[in-house]
Amino acid sequence: MSSPIDRFRPVALVTGSTSGIGAGIARRLVREGFTVALHSRSSAATGRAMVGELQHASYTQADLAEESATRGLVREVLEKHGRLDCLVNCAGISQIIPHKDLAGATPEIWRKLYEVNVMAPWLLVTAAEPALRHSAEAGHAPSILNISSHAGVRPKGASIPYSVSKAALNHMTRLLALALAPAIRVNAIAPGLVDTPMTAAWKDAQELWATRAPMRRAAKPDDIADIAMMLIASRYVTGEIVLVDGGLNLT
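The rules behind these values
Residues numbered from 1 in each chain as written. Predicted model: local features only at pLDDT ≥ 70, side-chain atom pairs only at ≥ 80, totals over all residues. Heavy atoms only, no water. Helix = DSSP H or I, 4+ residues; strand = E, 2+ residues; numbered from the N terminus. Expected span 1.5 Å × (residues − 1). Bend = angle between axes of the 7 residues up to and from the residue. Salt bridge = Lys/Arg side-chain N within 4 Å of Asp/Glu carboxyl O. Polar contact = N/O pair within 3.5 Å; in protein donor to acceptor, adjacent residues only side chain to side chain. Pairing = 2+ DSSP bridges. Axes fitted to C-alpha atoms, helices over the stretch in contact; angles between N-to-C directions. Contact = heavy atoms within 4.5 Å. Core = buried A, V, L, I, M, F, W, Y, C linked by side-chain atoms within 4.5 Å. Buried < 20%, exposed > 50% of the residue type's maximum accessible area, 1.4 Å probe, protein only. Disulfide = S-S within 2.5 Å. Phe/Tyr/Trp six-rings, centres within 6.5 Å; stacked < 30°, edge-to-face > 60°.

*Asks:* Can you tell me about helix α4 (residues 107-137), naming the residues and giving the values?
*Replies:* In an α-helix, one turn spans 3.6 residues; hence positions three or four apart end up facing the same way. The end-to-end C-alpha distance of α4 is 43 Å, a good match for the 45 Å that 31 residues give at a rise of 1.5 Å each. Glu129 marks the point of greatest bend in α4, at about 50 degrees, and the proline Pro130 comes within the next four residues. Backbone geometry just downstream of α4 places Gly139 in the positive-phi region, at approximately 95 degrees.

Printed below as a string of structure tokens:
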């Protein structure tokens, strides 16, 4: 059974936090003294189980492809916890399409990826801004962290629409860092391959990282959580896109 809500602990909303990178970041934040508001689109049973595991946590199910649900997510977190000090935009979707298959990248796919990978983070930031500013006024160090992809930095990735959506998220990060400073810091992490349930079947990518990346492996969710905690804890770093690919970009 979960512990009662503690309104004196800093609160972080982590979208897409019932598996993979999001779950790793959520667990790390709890170890560092945060209360975490968990979220997923469909894995409600896992979310509820994590609430029992993580002290003071809550869970909200919401489809970030829907604007009303996206805005409602922040509202529900504030109703449950009374404050918001950190927003981690981790939820995202992908679509595998060979880059040369231009016809396969249909307008519908572009719209679907942009709704979740670009528009949802924007809506969450705009909904969370007042609470984050209130956190700054109270003497805390609020921040926003976007989980992007190395595909938004280099011409790689599962598909052109996916890569472009992550490049847009990177540029949004920089623009928001300017627009929200000095009260709210905004950074992003651009991971390469990360071992998650979603990437388990990506044999070509696994082989690439095992043979060409200097670190000779894909990242673990905890590797990304380490960088996330560093950026969230800093009171100075803003506007950075931190590439975390085990050095593959060097080869």
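This is not the end of the story, as more comes after the structure.
*Asks:* Outline the pattern of salt bridges, supporting the account with residue identities and numerical values.
*Replies:* Two side chains of opposite charge can pair, provided their charged atoms sit close to one another. This structure, assessed with the given rule, holds 9 salt bridges. With its nearest N and O atoms 3.1 Å apart, the salt bridge here joins Lys80 to Glu76. Pair noted here: Lys80 and Glu76 are both in helix α3 (residues 67-81), with a separation of 4 residues, about one helical turn. One salt-bridge network, in which partners are shared between bridges, spans Arg28, Glu32 and Asp226.

*Asks:* Run through the environment of Thr35, naming residues and quoting values.
*Replies:* Here Thr35 shows up in strand β2 (residues 35-40). In this structure the side chain of Thr35 is engaged in a polar contact, spanning 3.1 Å, whose partner is the side chain of Arg9.

*Asks:* Run through the sheet that holds strand β4 (residues 86-89), naming residues and quoting values.
*Replies:* Taken in spatial order, the 7 strands make up an open sheet running β3-β2-β1-β4-β5-β6-β7, and their pairing is parallel. Bordering the open sheet on either side are β3 (58-61) and β7 (241-244), each of which pairs with just one other strand. Neighbour-to-neighbour, the strand axes of the sheet open up by a mean angle of 15 degrees, direction not taken into account. Across 3 bridges, strand β1 (residues 11-14) lies against β4 in parallel orientation. Bridged to Leu13 within β4 is Leu87. Its contacts with the sheet put α3 on β1, β2 and β3, and the angle it makes with β3 is roughly 155 degrees. Each of β4 and β5 (143-147) is contacted by α4, which is oriented at about 175 degrees to β4, the strand it contacts most.

*Asks:* Provide a residue-level description of the nonpolar core, including the pertinent values.
*Replies:* Across soluble globular proteins, nonpolar side chains have a tendency to be buried as a group. Counting residues in hydrophobic clusters, the biggest one holds 32 residues, and the most contacted among them are Leu29, Leu38 and Val88. Those elements giving two or more residues to this core turn out to be β1, α1 (20-31), β2, α2 (44-53), β4, β5 and α7 (221-233). Residue contacts for Leu29: discarding those within four places in its chain leaves Ala12, Val14, Phe34, Val36, Met229 and Ile232. Counting 26 residues, the second-largest nonpolar core is a separate cluster that includes Leu13, Leu64, Ala177 and Leu180.

*Asks:* I'd love a proper account of the state of the cysteines, names of residues and values included.
*Replies:* Counted by the stated rule, this structure contains 0 disulfides. Looking at the unpaired Cys90, the closest cysteine sulfur is the one in Cys86, lying at 12 Å.

*Asks:* Could you give me a rundown of the packing of aromatic side chains, with the residues and numbers involved?
*Replies:* One pass over the structure, following the stated rule, counts 1 aromatic pair. Aromatic side chains Trp110 and Tyr114 sit 6.5 Å apart centroid to centroid with 35 degrees between the ring planes, which places their arrangement in the tilted category. Of this pair, Trp110 and Tyr114 both sit in helix α4, 4 residues apart, roughly one helical turn. What makes Trp110 partly exposed here is its relative accessible area of 29%.

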